[in-house]
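For reference, the chains in residue letters:
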Amino acid sequence: MQADRRRLNAPPGGTAPPVFATAPKTKLQRPTRTREPDQHRKLFLRTGIVPSASGSAYYEIPPQQQQQTGLLVPQSSSLKITCTVHGPRPLPRNAAFSPNLLLSTHVKFAPFATRNRRGYVQNASERDLGAHLETALRGVVIGERFPKSGCEVVVTVLEGEEDGWWAGNAEGRGGGWGMMGVLAGCITVASAALVDAGIDCVDLVSGGVAAVVQAGTDQRGDDGVVAIDPAPSEHDGGIRAACVVGYLQSRDEVTEMWMKGDAGMRAEQLIDEAVKAASLTRAVLAEAVKEAVEMKLEKVEGNAVAAASVKEGKGKSKDVVMTG
Amino acid sequence: MANGTAKPTGLAFSRETFAKLTPAPFLQALLQQPDPIRPNGRSLDDFRTPTINTGSLSHSNGSAVVRFGDTAVVCGVRAEILLASNIPHPPSEDIYDNDVVERLGLLVPNLELSTGCSPDHLPGNPPSTLAQALSYRILSLLHTSNLIDPEDLRIHHGAPPTEDDLPDEGPKIVTKAYWTLYIDILCIALDGNPFDAAWAAVMSALQSTHLPKAWWDPDREMILCSPLAAEASKLRLRDLPVASTFAVFSTGSPLKQRREAESWVLADPDEFEEGVCTETVTAVVMSDGGDVGRIVRLEKSGGGAIGKAAMRRCVQMSQQRWREWQGVLNGG
């Protein structure tokens, strides 16, 4: 691999992540799903965390049960995503005329987001997530209202969901199931940031994910259960198929759907469950947006009060007025 | 006025418009008041109050989130192993101990600004000159301040005595590998003064770093690490240097006489002030055994408004700042 000349690179010998010896006298317990199949994990969403951007939001699914093992290796990881929106702003002079808002999305994992360290350059899977996110958002933004403008949606994943249980066999780790959860989070957080930026949308789009999971280990005849918001590390028998949707609840529309794996006869049910998950997320999203608006209103009222007091001659000397 | 009948009222703009149209005269008007107040409401040598959270990232050996004002920086330290046998040109035995870290490149800091933290740094492009310069400054500061004991980064192995060794000698200690620390700094929100924030984040992340106990396993010919948190050792830092940045706003220009110009030193500038000021001073101070801060680095760029006296005042303020930071860094 060619060294990145614009960054500081690893020592020329190359480094390897540490290999841990098996711990004596500790039995690792695989995390299990304790919530119902139709129950979503608790999530945290807040807008307006980056004041220098037009709109921003932060999304987090905190880790579930924290097992105290005294081990150095983290037992579970949480999902932490930040999103900033810059725009709408004029396109550069040399850009071609566009009657609509040009939306561009960029998804990047932080180098410390996953168990294996990631590089700084966007890789193919991150680009793919960006493309999925763009289709999900394009359906809600009213682009006609912002001709000749562009808008950048930048998502940084500070901590990503894992593809499987870290101590499990290698077979269970692949599959990229963690990406589905990340995409659902990206859709929700980007939607909150778009609203925070004041970009006109037809509805709030929210992301939801559902999966067909096998109830037990190695039961070939088992049909599996459809569970919403799967945490890949919690599913012992493995995930057979998963589906992410970007869903507009009040219009009952799906702007983005991504299904992976072999759902068999369960495909329709899987989509329905994903939609249900999206409706659950939407409740949190609407609450966060409402809270942000209320705070903004309070601030405006506060400013009005302050301005009135200035007129009365209270803190006048603190302010300068340009005259000419 | 277009109709010409109405008596033209004095053209008055609101504060925001004034700041947007002519930022420099706006700042000057505020600073020329008898009791100067900066646009952000701070006085001239007021720093923003920092808050630090450590250990919030689960996949890092050490991590910290530092925020002051609207600037927020996340730093994660991740340790990987560099095998001594993989080093292409191993340094000679008699290398000065403090140079080992620099010679082998065991510290790899990288600052990423293009996380959408400000409209000036959008992703999709290679890192800007500013990001590259800041990464390099952090690296060179880590090297020159000799914060990390190279002994902490070495993984030793006591080789069993061979036949030609003298029997009364103990087992020979060889360094089998080194820990390499990847220090990834992500700017989440930027409102001026990225260097101070990034440096503080690096310091508190390194301070919270724990390295697992590692040993050479001769049977498998590899380094193994103990998974027990109780056996991990904390990375020791010899000192906690603190960086303080000042921006200098000056009314001087090359066309004017020097003495006609007025200048003000603004501590911890925000984005707006950085845009207007051309001259900056960065002082990095660390303890000198006791409590008085010793200068590790002094940087001044652009302009000619700062003289000896002002420079001394900057250093004094950064020493003051160093005391404030010690409480925050050690408490967090």
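Residues numbered from 1 in each chain as written. Chains lettered and ligands numbered in written order. Predicted model: local features only at pLDDT ≥ 70, side-chain atom pairs only at ≥ 80, totals over all residues. Heavy atoms only, no water.

Per an unreviewed UniProt entry, chain B goes by the name Ribosomal RNA-processing protein 43 and belongs to Friedmanniomyces simplex. Under the UniProt heading Sequence similarities (unreviewed entry), the note attached to chain B is "Belongs to the RNase PH family." (UniProt positions renumbered as here; feature names shortened; annotations may be inferred.)

As recorded in an unreviewed UniProt entry, chain A goes by the name Exoribonuclease phosphorolytic domain-containing protein, listed as coming from Friedmanniomyces simplex. According to its UniProt record, chain A has this under Sequence similarities (unreviewed entry): "Belongs to the RNase PH family."

The next point concerns the overall build of chain B. When helices and strands are tallied, chain B shows eight helices and 15 strands. Against the 2.2 N^0.38 benchmark of 20 Å for 332 residues, chain B shows a C-alpha radius of gyration of 25 Å, more extended than a compact globule. Dimensions of chain B, computed from the C-alpha atoms along their principal axes, are close to 110 × 40 × 35 Å. Relative to its 332 residues, chain B shows a buried fraction of 51%. Relative to all contacts within chain B whose residues are 6 or more apart in sequence, the contacts with residues 24 or more apart total 67%. (Helix = DSSP H or I, 4+ residues; strand = E, 2+ residues; numbered from the N terminus. Rg over C-alpha atoms; globule rule 2.2 N^0.38 Å. Buried < 20%, exposed > 50% of the residue type's maximum accessible area, 1.4 Å probe, protein only. Contact = heavy atoms within 4.5 Å.)

A few words now on the environment of P232 of chain A. Counting through the fold element by element, P232 of chain A comes out in the loop between β7 (225-228) and β8 (239-248). On the accessibility criterion, P232 of chain A (6% relative accessible area) is buried.

Averaged over every residue, the pLDDT of chain A is 85; the share at 70 or more is 85%. Counting interchain partners and residues more than four positions distant, the pLDDT-below-50 stretch residues 312-324 of chain A has 26 contacts. (pLDDT = per-residue confidence, 0-100.)

Moving on, we get to the pattern of salt bridges. All names here are of chain A. Under the definition given, this model contains 31 salt bridges over all chains. Of the charged contacts, one joins E161 and R41 as a salt bridge, the two residues approaching to 2.8 Å between their closest N and O atoms. Of this pair, E161 sits in the loop between β5 (149-159) and α2 (170-173) while R41 is found in the segment before β1 (44-47), placing the two residues 120 residues apart along the sequence. The class for E161 is buried, based on a relative accessible area of 12%. Overall, the relative accessible area of 8% leaves R41 in the buried class. (Salt bridge = Lys/Arg side-chain N within 4 Å of Asp/Glu carboxyl O.)

The next point concerns the sheet that holds strand β6 (residues 205-213) of chain A. Residue and element names in this part refer to chain A. Pairing is antiparallel in the open sheet, where four strands are placed in the order β7-β6-β8-β9. Edge positions in the sheet fall to β7 and β9 (253-261), since each has one partner strand and no second. When the angles between neighbouring strand axes are averaged without regard to direction, this sheet yields 20°. Across the sheet, helix α1 (residues 124-138) touches β6 and β9, and the angle it forms with β9 is around 150°. Taken strand by strand, helix α3 (residues 177-196) contacts β6, β8 and β9, and its axis lies near 165° from that of β6. (Pairing = 2+ DSSP bridges. Axes fitted to C-alpha atoms, helices over the stretch in contact; angles between N-to-C directions.)

Residues and elements named next belong to chain A. Sheet architecture is open: five strands sit in the order β1-β2-β3-β5-β4, paired in mixed fashion. Strands with a single pairing partner mark the edges of an open sheet, and in this sheet they are β1 and β4 (102-109). Across the sheet, the mean angle separating the axes of adjacent strands is 15° when strand polarity is ignored. Contacts from α1 reach β4 and β5 within the one sheet, and its direction differs from that of β4 by about 140°.

This part is about the packing of helix α4 (residues 129-144) of chain B against helix α6 (residues 194-207) of chain B. All names here are of chain B. As a packed pair, α4 and α6 sit with axes 11 Å apart at the nearest point and diverge in direction by 45°. Considering their axes alone, α4 and α6 lie oblique with respect to each other. The handedness of the crossing between α4 and α6 is right-handed. On α6, the residues touching L134, R137, I138, L141 and L142 of α4 are P194, F195, A198, W199, V202, M203 and L206. Here the residues of the contact of α4 with α6 are counted per class, giving 11 nonpolar, no polar and one charged. (Parallel < 35°, antiparallel > 145°, perpendicular 65-115°, else oblique. Left-handed = near helix turned anticlockwise from the far one by under 90°. Nonpolar A, V, L, I, M, F, W, Y, C, P; charged D, E, K, R; others polar.)

All names here are of chain B. Evaluated as defined, the whole model comprises five aromatic pairs over all chains. Ring plane angle 75° and centroid distance 5.8 Å describe the contact between F47 and F246, whose orientation is recorded as edge-to-face. Linking F47 in the loop between α2 (23-31) and β2 (50-54) with F246 in strand β12 (residues 242-250), this pair joins segments that are 199 residues apart in sequence. Looking at F47, the relative accessible area reads 14%, which means it is buried. Note on F246: relative accessible area 0%, which makes it buried. A centroid spacing of 5.9 Å and a plane angle of 25° characterise the contact between F249 and W264, whose relative ring orientation is stacked. One end of the pair, F249, is in strand β12; the other, W264, is in strand β13 (residues 263-267), with 15 residues separating them in the sequence. Owing to a relative accessible area of 4%, F249 belongs among the buried residues under this scheme. The structure contains a cluster of three or more aromatic residues connected by ring pairs, namely F18, F26 and F272. (Phe/Tyr/Trp six-rings, centres within 6.5 Å; stacked < 30°, edge-to-face > 60°.)

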